[in-house]
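Understanding the architecture of this molecule
One letter stands for each residue in the lines below.
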Amino acid sequence: MTGTLPTAASLNKFEKIKAEKDGLAVKAEIEHFARIGWEAMDEADRDYRLKWLGVFFRPVTPGKFMMRLRLPNGVIRSEQLRVLAEIVQRYGEEGNADITTRQNLQLRGIRIEDLPDIFQRLHQAGLTSVQSGMDNVRNITGSPVAGLDGDELYDTRELVQQVQDRITNRGEGNPAFTNLPRKFNIAIAGCRDNSVHAEINDIAFVPAFQNEVFGFNVLVGGFFSAKRCAAAIPLNAWVPPEEVVDLCEAILVVYRDHGLRANRQKARLMWLIDEWGLEKFRAAVEQQLGRPLQPAAAKDEILWDKRDHLGVHKQRQPGLNYVGLHVPIGRLYAPDMFDLARLADVYGNGELRLTVEQNVIIPNVPDSRVAVLLQEPLLQKFTLEPGNLTRALVSCTGNQFCNFALIETKNRALALITELEAELDCPKPVRVHWTGCPNSCGQPQVADIGMMGTKVRKDGKTVEGVDIYMGGKVGKDAELGTCVMKGIPCEDLKPVLKDLLTQHFGASPRVSTPVG
Ligand code: SRM
Ligand code: SF4
């Protein structure tokens, strides 16, 4: 490694932890950890290095860990989902799974003594959780309807898998990329509607034709953090699909070797681009790649508003449909997971897709099976046509499990939207996102109305509150929303939201039919 590494004495806490022992080293110690139990573990191993294996110590629920998988392009098969359901089932009510804002799954309630068995089961099922936390490349997102969408330009699944395989050494862990300066996000869009939020990734590939040849324009440096949020900027580069993996690797090597490491608040890729300027950064990437980059195509092919994929949709394959189910706030329990796996087997071909809106898609349902699928009891819970407020609700984890959280999010978000849905008639979907703290995992800046958790003083007491963001535009010409109101106590939020929905989104009170 070269460049801007600080001296040993000035390393920040996380750089020290990584310098003392590589995060992936704990892979060889899992049996040992299982024997001694979480309380006897070295704290740095337990609280941080385990995240290199996707295992997160939860200070809110000590002893019950979270496991974050990697599901490239959000694709999972029924037999894999069943393995995950069996794992969380062991923990009863405390075990569940959340669909994440990166098309991924996180399991709850995991105990350290079960890790050897869990890793073996994941391996047998072809699943991995490696390098899904801390200073690693996170789950790589791709179009959730890749290979299904009649209008798609490129099926991103194979490419996303190839990038993951290169970065993680086929899920076994790759020492070349275990010590990035900070977390790193990659997205590949293959459709016209930017269903992956390309603009908020450290590297994003968006479809674009160069001399009528299909490829991708490359955006870099998008990220959210407590101190700064930035939309990705054009690298002025176009690559054909077969050069995507090499380019990801080259950018990662440049970032690994030169990214800023002194201050974790200023370590994401955009800070390096700021410091160097785009031209120097681009030149360093070219040098690492060993060849010049072609300039960006004049325009990209993101021409549509973002779709949410809920409901029944015709596939490009005649006679087949994909069916998008709304999973309120992305929360799944073991019986839901078993049932989803069954539906995918009985009505589709066993495959399921996850979306960044924390929902599920069942692909490959023949025309003749759709009507019967719609009668399934699970579709009462995970509906196809939720109301216009509920359908686009997204929420991060919040204080039920996350110790950064300043407020409770998921349950509150769902309860409030249910009340608003009952009282207001909204003519079109409104994307409402909740995030429990300024880290912005729930992406309030991409929402029509985004709530960011904060603490507020009310009547001499500190209470849970939110700052409100508006103006997030997704799809074509995506833009980040900005903070429009600060410090609203959660208990006073309902009338504020009612006003916003009425004034800006055409909502009106529902007319109740008098009884009798
Ligand atoms: Fe996140 C940290 C949950 C997507 C920005 N995020 C955390 C931690 C790991 C904090 C912790 O250790 O408790 C949260 C785990 C809580 C838990 O128990 O679930 C957490 N982040 C999530 C998830 C689960 C939210 C969700 O409910 O969907 C998402 C998991 C995605 C995945 O599958 O990998 C999640 N986090 C995001 C996103 C959205 C995205 O990627 O599109 C962002 C903003 C985009 C970005 O990263 O640029 C995001 N998370 C953060 C940050 C701020 C990063 C920064 O540069 O400062 C932190 C804090 C940190 O890294 O220091 C963080
Ligand atoms: Fe936790 Fe904050 Fe991320 Fe929500 S936004 S999951 S509260 S770190």
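Residues numbered from 1 in each chain as written. Chains lettered and ligands numbered in written order. Predicted model: local features only at pLDDT ≥ 70, side-chain atom pairs only at ≥ 80, totals over all residues. Heavy atoms only, no water.

How two helices sit against one another is set out by the angle between their axes and by the gap between those axes. Remark: helix α7 (residues 244-258) packs on helix α8 (residues 269-276), axes separated minimally by 11 Å, with the N-to-C direction vectors making an angle of 80 degrees. By the angle between their directions, the pair α7 and α8 is classed as roughly perpendicular. Contacts from Ile251, Val254, Tyr255 and His258 in α7 reach Leu269, Leu272 and Trp276 in α8. Residue classes in the contact of α7 with α8 are distributed as six nonpolar, one polar and no charged. (Axes fitted to C-alpha atoms, helices over the stretch in contact; angles between N-to-C directions. Helix = DSSP H or I, 4+ residues; strand = E, 2+ residues; numbered from the N terminus. Parallel < 35°, antiparallel > 145°, perpendicular 65-115°, else oblique. Contact = heavy atoms within 4.5 Å. Nonpolar A, V, L, I, M, F, W, Y, C, P; charged D, E, K, R; others polar.)

This part takes up the coordination of the iron atom of ligand 1. Just one protein atom donates to the iron atom of ligand 1; it is Cys441 (SG), sitting 2.3 Å from the metal. Structurally, the position occupied by Cys441 is in the loop between β20 (432-435) and β21 (449-458). (Donors = N, O, S within 2.8 Å, 3.2 Å for Na, K, Ca; no water.)

Before going further, it helps to spend a moment on the domain arrangement of the protein chain. By a widely used convention, the size of an interface equals the accessible area lost when the partners come together. Assigned domains of the protein chain: these are domain 1 (8-289) and domain 2 (393-507). For domain 1 versus domain 2, the separation of C-alpha centres amounts to 26 Å. Taken together, the contacts link 20 residues of domain 1 with 21 residues of domain 2. Counting each side, the surface lost to burial between domain 1 and domain 2 is near 1600 Å², with a carbon and sulfur contribution of 62%. Its largest share of buried area at the contact with domain 2, domain 1 owes to Val60, Thr101 and Phe224, together 31% of the area lost on that side. At the boundary of domain 1 and domain 2, one finds zero salt bridges. Taken together, domain 1 and domain 2 are joined by three residue pairs in polar contact (both at pLDDT 80 or more). For the side of domain 1 that touches domain 2, the elements supplying multiple residues, two or more each, are β5 (105-110) and β11 (229-230). Broken down by class, the residue content of the side of domain 1 that touches domain 2 amounts to eight nonpolar, seven polar and five charged. (Domains from an automatic or database assignment. Buried area = accessible area lost by both parts, 1.4 Å probe. Salt bridge = Lys/Arg side-chain N within 4 Å of Asp/Glu carboxyl O. Polar contact = N/O pair within 3.5 Å; in protein donor to acceptor, adjacent residues only side chain to side chain.)

Pairing in this open sheet of five strands is mixed, and the strands run β6-β7-β8-β9-β12 from one edge to the other. Only two strands of the sheet have a single partner each, and these edge strands are β6 (141-142) and β12 (233-239). Of the strand pairs in this sheet, strand β7 (residues 186-188) and strand β8 (residues 203-210) are connected by three bridges, and their pairing is parallel. For Ala187, the partnering residue across the bridge sits in β8 and is Ala204. With respect to the sheet, helix α9 (residues 278-289) is in contact with β9 (213-220) and β12, its orientation differing from that of β12 by roughly 30 degrees. (Pairing = 2+ DSSP bridges.)

Going through the model one piece at a time under the given rule, you end up with 55 salt bridges. For Lys299, the salt bridge identified is with Glu301, shortest N-O distance 3.0 Å. For Glu491, the salt bridge goes to Lys458, with nearest N and O atoms at 3.0 Å. Taken together, the positions of Glu491 in the loop between β23 (482-489) and α14 (493-505) and Lys458 in strand β21 put the pair 33 residues apart, joining distant regions of the chain.

This next bit is on the side chain of Arg102. The topology assignment puts Arg102 in the loop between β4 (97-99) and β5. It turns out Arg102 is buried and unbridged, and the closest side chain with the opposite charge, Asp202, is 6.9 Å from it. In this structure the side chain of Arg102 is engaged in a polar contact, spanning 3.1 Å, whose partner is the backbone oxygen of Ile186. Separated by 2.8 Å, the side chains of Arg102 and Asn201 make a polar contact. Setting aside anything within four residues of it in sequence, one finds Arg102 in contact with Arg138, Asn139, Thr141, Asn185, Ile186, Asn201 and Val356. (Buried < 20%, exposed > 50% of the residue type's maximum accessible area, 1.4 Å probe, protein only. Lys, Arg positive; Asp, Glu negative; His and termini not counted.)

Our next topic: the environment of Gly475. Along the chain, Gly475 turns up in the loop between β22 (461-470) and β23. For the pair Gly475 and Val446, spaced 29 residues apart in the sequence, the C-alpha separation amounts to 10.0 Å. If sequence neighbours within four positions are ignored, Gly475 has contacts with Asp193, Asn194, Ile302, Trp304, Asp305 and Lys306.

Inspection of the region around ligand 2 gives Cys396, Thr397, Cys402, Phe404, Ala405, Thr435, Gly436, Cys437, Asn439, Ser440 and Cys441 as its neighbouring residues. Per-class residue counts for the shell around ligand 2 are six nonpolar, five polar and no charged. (Near = heavy atom within 4 Å.)

One finds Leu50, Leu84, Leu105 and Leu107 to be the most contacted residues of the largest nonpolar core, which totals 57 residues. Among all residues touching Leu84, those that are not within four sequence positions of it are Leu69, Ile76, Leu105, Leu107, Leu122, Leu127 and Met337. Within the second largest apolar cluster, 44 residues are counted, among which are Ile167, Ala230, Trp271 and Ala284. (Core = buried A, V, L, I, M, F, W, Y, C linked by side-chain atoms within 4.5 Å.)

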